[in-house]
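# Fold and contact review
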Amino acid sequence: MKTKTIKAEMWDKVQYIFKNYYDGMMHCAFEYEGIVDEVVLRKALKQVVDKIDVLHSSFVANPVSPYWRVNYDYTDADVLTVVEDDDFITQIQKILTRRIDCRGKLQFEFTLLKGNGRSMICFLINHMCFDGRDFISFGKTVCETYNGLKADPNYVAKVKNGSRSAKQVYRDLPPELAKKAKMLYKNVSRTNIKLKFPFEPDKDTDKSHIMRVDLEASALEKAKIRGKKNGYTVNDIYLAAFFRAIVKFFDGVDGKTPTEITSMLDLRRYLKGNDTEGYTNLTSYMPCKMTGGAGDSFCETLARVKETLKPHKENKLLGLAGLPLMAFAFQAFPFAISQLAVKIGYTNPLVGMSNIGIIKSEYIDLVDAPATHAFMTGTVKFKPYMQVACTTFKGTATFTISERCSDKDLVTMREFLEYMTGLIRDYGEEKI
């Protein structure tokens with residue numbers, strides 16, 4: 001059989017170049033009441049993976065033009081590992097903090113964890129393949145296929161399969177806007193604000209961890225109601241809580257210190273149907289830079305967040321700046337040189353937030369096992385970089401910090417997230 005290859009797209013390359021800043025993996029877990037049928041799940045996963053070539057490919061970092069080499073020599077047994085253990089918390093940490101070699105045959109590890117009448121499906125996928133939005137789509141497709149096979153053993157998975165190019169972001173824009181967007185060469189990643197999470201400087205004992213803290217649905221709903229009444233979005237509230245936590249925990253920071261949080265932005269907003277043709281990365285950055293500081297109270301911070309983000313939200317080409325510059329670097333130079341150019345020209349955010357979005361229960365419920373909890377996280381960052389990620393399931397928001405860090409750092413991360421969620425809770429109850 002002739003070797004099949006796939007062109008490495010812009011964000012595939014960027015994720016590869018930034019591999020020294022984070023582990024490059026996306027992590028997800030769906031928990032179920034009841035025991036998931038491992039035979040059917042394995043079949044569903046194999047069907048879906050078979051139709052997404054990049055998931056069963058090896059990345060070839062060719063110095064001129066990198067590409068994916070598609071592999072077909074994998075079996076049903078390769079797509080799923082089954083673990084039986086009642087200690088879900090320990091197993092989740094062990095399973096989800098592994099790292100996949102992009103040069104390997106498969107760009108994923110899927111595990112079915114079973115114990116004490118419960119099940120958990122754990123997904124670990126190389127971020128080079130696609131982003132958080134398509135991660136949710138992937139999980140939904142797997143669950144749909146599982147349910148379809150339960151009803152009909154001859155069911156065939158329905159999987160989107162099309163272009164992975166970042167250029168599709170311009171496809172549905174009005175011609176004049178598209179023309180303008182393709183000229184936005186400004187580099188928005190650069191910043192002169194260098195705030196750092198108070199990690200321990202010693203890295204000798206660091207290990208990969210995922211710290212999770214949940215905000216109960218009732219508390220989030222109250223915060224949403226109050227925020228909506230005052231003209232604030234949920235994302236505004238999350239950012240305000242994050243800024244207040246920075247003021248409390250970061251060394252040398254008070255309400256007047258210039259602060260900045262960079263949020264990840266889904267660019268599917270510019271596509272008809274809000275979806276890409278194929279599984280891919282289509283993201284950008286949205287900085288929230290408060291040069292005058294976060295202020296002295298939660299409500300003051302919230303007002304400053306809204307005011308700071310107002311011009312961004314009114315921008316018809318939000319998130320598209322800098323993409324032409326990155327694309328030019330990859331087109332104009334061999335990959336070996338463009339890697340250096342991107343490293344020099346682009347700054348990985350020291351402090352970031354990724355609101356991955358809502359995981360709907362109807363997306364992941366199985367016919368023989370209802371979903372009870374679900375969360376996704378971004379990549380495991382390496383010091384001094386950190387990111388707070390959030391997903392929502394059945395109204396409960398799960399906040400995570402994924403980090404290679406020490407046990408002492410882990411304690412600080414929990415305190416940080418508990419302070420954040422506590423502020424959101426207090427805001428909803430009008431205590432602040």
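Nothing here was measured: the structure is a model prediction, and the numbers come from that model.

### Notes on the environment of Arg269
Here Arg269 is to be found in the loop between β9 (259-266) and β10 (283-290). Counting along the chain gives 81 residues from Arg269 to Leu350, while the straight-line C-alpha distance between them is 26 Å. If we skip the residues at most four places from it in the chain, Arg269 touches Asn274 and Leu318.

### Side note on the pairing of strand β11 (residues 351-358)
With 6 of 8 residues buried, β11 is to be regarded as a mostly interior element. The pairing of β9 with β11 spans 2 bridges and is parallel. When the sheet's bridge partners are listed, Ser263 is paired in β11 with Met353. The pairing of β11 with strand β14 (residues 386-393) spans 7 bridges and is classified as parallel. Bridge assignment links Gly352 to a residue of β14, and that residue is Gln387.

### Considering unusual backbone geometry
Put simply, Lys383 and Pro384 share a cis peptide bond, and its omega is 5°. For Pro384, the position within the fold is in the loop between β13 (381-382) and β14. With a phi close to 50°, Lys394 is a non-glycine residue in the positive phi region. You can see Lys394 is positioned in the loop between β14 and β15 (396-405).

### What to know about the packing of helix α7 (residues 234-249) against helix α8 (residues 298-314)
Direction vectors running N to C along α7 and α8 enclose 125°, while the axes themselves pass 9 Å from each other. On the basis of their axis angle, the class for α7 and α8 is oblique. Between α7 and α8 the crossing geometry is right-handed. Together, Asp236, Ile237, Leu239, Ala240, Ala241, Phe243 and Arg244 of α7 and Phe298, Thr301, Leu302, Val305, Leu309 and Lys313 of α8 make up the contact between the two elements.

### Digging into the side chain of Asp236
Inspection of the secondary structure assignment puts Asp236 in helix α7. Given the relative accessible area of 1%, Asp236 is considered buried. In terms of polar contacts, Asp236 uses its side chain to reach the backbone amide nitrogen of Thr233, at 3.0 Å. When neighbours within four sequence positions are excluded, Asp236 is seen to be in contact with Leu302, Val305, Leu309 and Lys313.

### As for the sheet that holds strand β1 (residues 5-7)
Pairing is antiparallel in the open sheet, where 3 strands are placed in the order β1-β4-β3. Looking along the sheet, the strands with just one partner apiece sit at the ends: β1 and β3 (57-60). Averaged over all adjacent pairs, the angle separating strand axes in this sheet is 30°, with direction ignored. Across 3 bridges, the pairing between β1 and strand β4 (residues 67-70) is antiparallel. Residue pairing for β4: Ile6 is matched across the bridge by Trp68.

About the thresholds
- Residues numbered from 1 in each chain as written.
- Predicted model: local features only at pLDDT ≥ 70, side-chain atom pairs only at ≥ 80, totals over all residues.
- Heavy atoms only, no water.
- Helix = DSSP H or I, 4+ residues; strand = E, 2+ residues; numbered from the N terminus.
- Contact = heavy atoms within 4.5 Å.
- Buried < 20%, exposed > 50% of the residue type's maximum accessible area, 1.4 Å probe, protein only.
- Pairing = 2+ DSSP bridges.
- Axes fitted to C-alpha atoms, helices over the stretch in contact; angles between N-to-C directions.
- Parallel < 35°, antiparallel > 145°, perpendicular 65-115°, else oblique.
- Left-handed = near helix turned anticlockwise from the far one by under 90°.
- Polar contact = N/O pair within 3.5 Å; in protein donor to acceptor, adjacent residues only side chain to side chain.

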